[in-house]
Amino acid sequence: MKCKINRNAAKIMKKMLENEDAQGQMLRVIVTENHGDHAHYALTYGTPTEHDEIVHTDKGIDVLLDTREDLLDGVWIQFFYVPEEGFEIVNPSKGLPNHF
């Protein structure tokens, strides 16, 4: 499985992992809704399960992806400061973006 993140997302994700709530956990990308032609994604904390793959990104952040969910393979996590701050998670080969 593949996962790509931009520099802004890496900075924010590192801060998230330093948070007390994240102690002993990793960041996980999940599909919150699947509309057939596109999906909505979110970031959560979690620990690896038997169905997860730990994906090592080129920005030094490891992300958990559930290998049973095809819509997660190839996600691109970005963080933008304008027009408003927030993450955008897309899968270019699988549909439209999710901004949160």
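First, a word on scope: everything that follows refers to the structure included in this document.

What counts and how
Residues numbered from 1 in each chain as written. Predicted model: local features only at pLDDT ≥ 70, side-chain atom pairs only at ≥ 80, totals over all residues. Heavy atoms only, no water. Helix = DSSP H or I, 4+ residues; strand = E, 2+ residues; numbered from the N terminus. Rg over C-alpha atoms; globule rule 2.2 N^0.38 Å. Buried < 20%, exposed > 50% of the residue type's maximum accessible area, 1.4 Å probe, protein only. Contact = heavy atoms within 4.5 Å. Areas by Shrake-Rupley, 256 points an atom, 1.4 Å probe, with all protein chains shown as cover. Expected span 1.5 Å × (residues − 1).

1. Focus: the overall build of the protein chain
Item 1. The helix and strand inventory of the protein chain stands at one helix and eight strands.
Item 2. In the protein chain, the succession of α and β elements from N to C terminus is β-α-β-β-β-β-β-β-β.
Item 3. What you see for the protein chain is a C-alpha radius of gyration of 13 Å, in line with the 13 Å of a compact globule of 100 residues.
Item 4. For the protein chain, the C-alpha atoms occupy an extent of roughly 40 × 35 × 25 Å along the three principal directions.
Item 5. Taking all 100 residues of the protein chain together, 39% fall into the buried category.
Item 6. Considering only contacts within the protein chain whose residues lie at least 6 apart along the sequence, 48% involve residues at least 24 apart.
Item 7. Carbon and sulfur atoms form 49% of the exposed surface of the protein chain, whose accessible area is close to 5,900 Å².

2. A word on helix α1 (residues 7–18)
Item 1. In this model, α1 (twelve residues) spans 17 Å end to end at C-alpha, consistent with the 16 Å of a helix rising 1.5 Å per residue.
Item 2. If you check which residues of α1 are buried, you get Ala9, Ala10, Ile12 and Met13.
Item 3. In this structure, the buried side of α1 is in contact with β1 (3–5), β2 (26–34), β5 (62–66), β6 (75–80) and β7 (86–90).

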